[in-house]
Amino acid sequence: MMHSNRSREALQRGHVSEMLANLTLDYRRRRAPAIGNYIGEGYSPLTVLGAETYAKENGEQHKTDRFELVQEKTPIMRRGQSFYLGLQLDREYVPQADRVILAFDFGPTPAVTKGTRAVITLGPETEFTNPPGQWGMIINQISGNFIALQILPPATCPVGIWHCTVTTSLIDAPQYRQDKKLTEDFYILFNPWNKADAVYMCDEAELNEYVLNDTGKVWMGSFKEPKGRRWVFGQYDDIVLPTVMYLLELSQLPHSDRGNPVHLTRAISAIINADDEDGLMEGRWDGDYRDGLSPHAWTGSLPIMEQYLNSGGIPVKYGQCWVFSALVVTVCRALGIPCRSVTNFVSAHDTNSTMTVDKFYTETGDEIAGGADGETFDSCWNFHVWNDVWMARPDLPTGYGGWQIIDATPQEESDAVFRCGPASITAVRNGKVGFLYDTPFVFAEVNADVCHFQEDKNSVWGFSRIRMNQYHVGRKIVTKAVGQDDDNADSDMWDVTTFYKNVEGSKEERLSVLNAVKGMENVDYIYDIPANVIEDVTFDLVEIEDVKYGDPFNVIVNLENRSNEVRTIDAMLSASSVFYTGITISTLKKASGTFQIQPGQKETMRIRVTLEDYQSKFADHTLVKIFSIANVKETHQTWSEEDDFLLIKPNLVIHINGDLRVGQGCTAEFTFTNILPRKLTGCTISLEGPGLQRPKIVKCRDLEPNEVFSYIESFHPRKSGPRKIVGSFTSRELNGIFGSTTVVIQE
């Protein structure tokens, strides 16, 4: 009996609940007859049947339409600028009855409090009223069962891949809801066109150069003969943004920090090299690339990124500083951060934090590896390539925003990771080495004094300073000029040295050096040494202009005895092949001896170096360092000097034949003459052309002495407009033969 009573009670409760629901429904229909016309016999939330991301239309407005992903209908937008999103519904949207909420999520654990989750409710507003730092949404258009929304992400939101979920419910019954996670990924990038964005840049020509341009140059060679090498940055290729997103995940930079360009570019400087977190590329500087590819084989960033992803994230072998720098340009421009590649000729590497480059020599003039303590490995790179990125620096005093230096080449650890920057260029110029990040190291790269020390038995610490050169480091700092482009020469080079340092020898330059070194404990022995030695013999190491590879050259030191007495000179003169990092590969020729020079007499020391002396003694770059050291016995005067120059190699010449139209067949012929009197082995040609030819590396036969190399590649243009073709020839005996040309493809 009791069971029957309970059953009747349950039926009664169900009946009462159903009655209440029906009565409530009838009431709502009477109070809002228009709503009843849309919902039929009962309330039910809207159902999202599909979405339209307007990828191409948004791309045109956001200056992202050149991305191949956009052409494949992947939405790529810039923060701080509204974009459109359309929703196809199962019925017409009724503002009085329907609630529509969009949630945008970023990262594995999105949270509103961290800025990685945005929850936006559709309201009646016709203009954006969202406060700064918050997302906004308004209706753009309603057409039947289709509603077009306009969404505004803040100019501070993290950049990367966002996901969107649409939640629909009834205003009066929010407990009944439907969630629709959109299948499309939403890429949100920095917006240098928006004044509220930290990377805002006002000059349109600079934006075209530093954000939109997908080809450019990196400079190598020597300060007397900089050589610009064409590089295809290729930031619009469909492999780039996915690779960048994966690399950022490897960096472990918190997702909430990925809207801050200071933190993000610091992470980029770490993930490009493979030293800490299996980043994009492994560096090598010893010339042995048998288990990978020579750094000279690359013509652009795309083949490196393709190999990286296809291998499952194994770092690509091999790169050097100019390759790391070019990859940084690709990553930054893809993300919307203005970026340029910068080359510092005669770049100091200070390993013992003295702000100087300290070199130690024996009594006979031979350099002592490791210095006086065995732990000082300071050097001067013939050139070093880093990057400048443009941003505000709210973490620094006013006036230190703008260009910031980051460096992806692993040299020294910063906070236990191989990375460098961002360091304010203005801080470097002013010697403000206390400002974040890594400003002391960068200051030394461009403005360190070079100090030579020689063994001295009479010195309390075993050495005496024989030379301080205040003008050797940072001889020239260059980048590609805005809006200029030269395939055949280097008229598009821009000397930007004065942005990084004051004029050498000026009062301002010396003040910046003293400002940088003050308070450092271990530099007194460098700057406080009195100079009471009589110096009545002058020495002049004659600078050598760059020499054509194959030609001989002379190393000359001119001397003059300006005293009234005979002077006895102990001297050494040498020429060596060096890696571009300044490390010696091989001594090409060396001479030393003792001689007397009469009062008022002039004398010349000379060595001659021929092709036979140097042809098999280079690695990557045909760079030569000349060095001389001398002592005057009677006065204990000491002198030393060094210089470097480049042996110039031929260019790779490119000839185009055929009808330069979209879809039509054309050919490109790559040629150069082997300048060596020996066979070239292990030959390859690397080539690519955005919109013309995917990156390609082809093995070629050996090349005989003085033979003309020729390779012909066929291609079918896929895109109209000006297009670059880039090629690079490498072999075991000779590499770095590169060239580029521009073609205009018609529709």
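A quick note: this is a predicted structure, and the numbers were derived from the prediction, not measured.

### Comments concerning the confidence of the model for the chain
Next, step 1: Within the chain, residue pLDDT values average 88, and 89% of them lie at 70 or more.
Next, step 2: Predicted confidence is poor over residues 29–41, with pLDDT under 50, and the contacts of this stretch with residues over four places away or in other chains come to 12 contacts.

### Observations concerning the packing of aromatic side chains
Next, step 1: In total, this model carries 31 aromatic pairs according to the counting rule given.
Next, step 2: Seen in terms of ring centroids, F106 and W162 are 5.1 Å apart; in terms of plane orientation they differ by 20°. Their pairing is stacked. You can see F106 sitting in strand β4 (residues 98–106) and its partner W162 sitting in strand β8 (residues 160–170), a full 56 residues away along the chain.
Next, step 3: Judged by its relative accessible area of 4%, F106 is buried.
Next, step 4: On the basis of an interplanar angle of 65° and a centroid distance of 5.9 Å, the ring pair of Y614 and F618 is categorised as edge-to-face.

### What to know about helix α11 (residues 439–447)
Spacing of three or four residues puts side chains on the same side of an α-helix, whose turn is 3.6 residues.
Next, step 1: In terms of burial, α11 is a largely internal element, 8 of the 9 residues being buried.
Next, step 2: Residues T439, F441, V442, F443, A444, E445, V446 and N447 constitute the buried set of α11.

### Quick word on the pattern of salt bridges
Next, step 1: Taken as a whole, this structure holds 38 salt bridges when the rule is applied.
Next, step 2: Of the charged contacts in the structure, one is a salt bridge between D487 and R230, with a shortest N-O distance of 3.1 Å. Of this pair, D487 sits in the loop between β24 (476–480) and β25 (493–495) while R230 sits in strand β12 (residues 226–232); the two residues are 257 residues apart in sequence, bridging distant segments of the chain.
Next, step 3: Residue R230 is classed as buried on the basis of its relative accessible area, which comes to 3%.
Next, step 4: For D659, the salt bridge identified is with R661, shortest N-O distance 3.6 Å.
Next, step 5: On the accessibility criterion, R661 (37% relative accessible area) is partly exposed.
Next, step 6: By sharing partners, the salt bridges in this structure join R284, D286, D288, R290, D291 and K317 into a single network.

### A look at helix α5 (residues 204–212)
Next, step 1: All buried positions along α5 are accounted for by L207, E209, Y210, V211 and L212.
Next, step 2: Where the residues of α5 are buried, they touch β2 (76–78), α9 (321–335), β15 (339–349), β18 (402–406), β24 and β25.
Next, step 3: Among the residues of α5, the N-terminal cap falls to D203, whose side-chain oxygen and the backbone nitrogen of A205 are separated by 3.0 Å.

### A few points about the nonpolar core
Next, step 1: Membership of the largest hydrophobic core comes to 98 residues, with the highest contact counts inside it found for L241, L264, I268, I272, I304 and L335.
Next, step 2: Among the elements that take part in this core, α9 stands out by supplying 12 residues, more than any other.
Next, step 3: Not counting residues up to four positions away in its chain, the partners in contact with L335 are L189, F190, V244, M245, L248, L264 and I268.
Next, step 4: Listed in part, the 52 residues of the second largest apolar core include L611, F618, L676 and L680.

### Structural notes on the sheet that holds strand β28 (residues 553–561)
Next, step 1: What the 3 strands build is an open sheet, ordered β26-β28-β31; its pairing is antiparallel. What marks the edges here is a single partner per strand, and that holds for β26 (537–541) and β31 (602–609). Taken pair by pair, the neighbouring strands of this sheet meet at an average axis angle of 15°, ignoring direction.
Next, step 2: As paired strands, β28 and β31 are joined by 8 bridges and run antiparallel to one another. Paired with N558 across the strands is T604, a residue of β31.

### With respect to the pairing of strand β40 (residues 737–745)
Next, step 1: By the criterion of burial, β40 is predominantly enclosed, with 7 of the 9 residues buried.
Next, step 2: Across 9 bridges, strand β39 (residues 721–730) lies against β40 in antiparallel orientation. Bridge pairing in β40 links P722 to V744.
Next, step 3: A loop of 6 residues connects β39 with β40, the two strands running antiparallel in sequence, and G736 in this loop sits at a positive phi of about 75°.

### Some details on the sheet that holds β15
In a beta sheet, neighbouring strands are held together by backbone hydrogen bonds and run either parallel or antiparallel to one another.
Next, step 1: Overall, antiparallel pairing links the 6 strands, which are arranged β21-β18-β17-β15-β24-β25 in an open sheet. The open sheet terminates on both sides in strands that have one partner only, identified here as β21 (423–424) and β25.
Next, step 2: The sheet contact formed by β15 and strand β17 (residues 379–391) spans 10 bridges and is antiparallel. Bridging across to β17, A348 finds its partner in C380.
Next, step 3: Sitting on the sheet, α11 is in contact with β15, β17, β18, β21 and β24, with an inclination near 70° to β15.

### Section: a negative patch on the surface
Next, step 1: On the surface, E52, E57, E60 and D65 cluster together to form a negatively charged patch.
Next, step 2: Topologically, E52 is positioned in strand β1 (residues 48–52).
Next, step 3: The partly exposed category is assigned to E52, whose relative accessible area is 36%.

### Focus: the environment of K724
Next, step 1: Inspection of the secondary structure puts K724 in strand β39.
Next, step 2: Exposure remark for K724: the relative accessible area of 9% places this residue in the buried category.
Next, step 3: Considering only alpha carbons, one finds K724 and D487, 237 residues apart in sequence, at a separation of 9.1 Å.
Next, step 4: With residues up to four places along the chain from it excluded, the contact list for K724 reads T215, R230, D485, D487, E688, G689, P690, L692, T741 and T742.
Next, step 5: Within the structure, K724 has its side chain in polar contact with the side chain of D485 (distance 2.3 Å).
Next, step 6: Reaching out from K724, the side chain makes a polar contact with the side chain of D487 at a distance of 3.0 Å.

### Describing the side chain of S576
Next, step 1: Inspection of the secondary structure puts S576 in strand β29 (residues 567–578).
Next, step 2: Beyond its immediate sequence surroundings of up to four residues, S576 is in contact with T584, S586, T587, L588, L623, V624 and K625.

### Side note on the packing of helix α6 (residues 240–251) against α9
Next, step 1: At a closest axis distance of 10 Å, the pairing of α6 and α9 adopts a crossing angle of 100°. In terms of axis orientation, α6 runs roughly perpendicular to α9. Where α6 abuts α9, its residues V240, L241, V244, M245 and L248 lie against T330, V331, A334 and L335.
Next, step 2: Classifying every residue of the contact of α6 with α9 by side-chain character gives 8 nonpolar, 1 polar and no charged.

Conventions we followed
- Numbers given to residues run from 1 along each chain, matching the order in which its sequence is written.
- In view of the model being predicted, local features appear only for residues whose pLDDT reaches at least 70, and side-chain atom pairs are presented and counted only at 80 or more, with totals across whole chains, interfaces and linings using the full set of residues.
- Excluding hydrogens and water, the side-chain figures rest on all heavy atoms present in the structure.
- Every residue carries a pLDDT, the predictor's confidence in it, which falls somewhere between 0 and 100.
- Between two residues, a contact is recorded if the distance between any of their heavy atoms is within 4.5 Å.
- Note on aromatic pairs: the rings of Phe, Tyr and Trp (six-membered ring only in Trp) are paired at centre separations within 6.5 Å, and the planes decide the class, stacked below 30 degrees, edge-to-face beyond 60, tilted for the rest.
- Put simply, DSSP marks the helices as runs of H or I at least four residues long and the strands as runs of E at least two long, and each gets a number from the N terminus on.
- Accessibility here uses a 1.4 Å probe with only protein chains present; expressed as a share of the type maximum, an area under 20% marks a residue as buried, one over 50% as exposed, and anything in between as partly exposed.
- Each salt bridge in this description consists of a side-chain nitrogen of Lys or Arg and a carboxyl oxygen of Asp or Glu lying within 4 Å of one another.
- Under this definition, polar contacts are N or O atom pairs within 3.5 Å; protein pairs additionally need one hydrogen-donor-capable and one acceptor-capable atom, and for neighbouring residues in sequence, both atoms have to be side-chain atoms.
- In these notes, a set of buried Ala, Val, Leu, Ile, Met, Phe, Trp, Tyr and Cys residues joined through side-chain atoms within 4.5 Å is what counts as a nonpolar core.
- A pair of strands is considered paired only if DSSP assigns at least 2 bridges between the two.
- Angles shown run from 0 to 180 degrees and are taken between the N-to-C directions of axes, each axis being a line fitted to C-alpha atoms and, for helices, limited to the stretch in contact.
- Note on patches: the residues involved have over 30% relative accessible area and no salt bridge, like charges join within 9 Å, and the nonpolar side chains Val, Leu, Ile, Met, Phe, Trp and Tyr join within 5 Å.
- Shrake-Rupley sampling with a 1.4 Å probe provides the accessible areas, and residues are treated as covered by the protein chains on show and by no other component.
- In this tally, Lys and Arg are treated as positive and Asp and Glu as negative; His is ignored, and so are the chain termini.
- Positions of charges follow a simple convention, taking NZ of Lys, CZ of Arg, CG of Asp or CD of Glu.
- Each angle is binned into one of four classes, with values under 35 degrees roughly parallel, values over 145 roughly antiparallel, values of 65 to 115 roughly perpendicular, and all other values oblique.
- The residue classification treats Ala, Val, Leu, Ile, Met, Phe, Trp, Tyr, Cys and Pro as nonpolar and Asp, Glu, Lys and Arg as charged. All others, Gly included, are polar.

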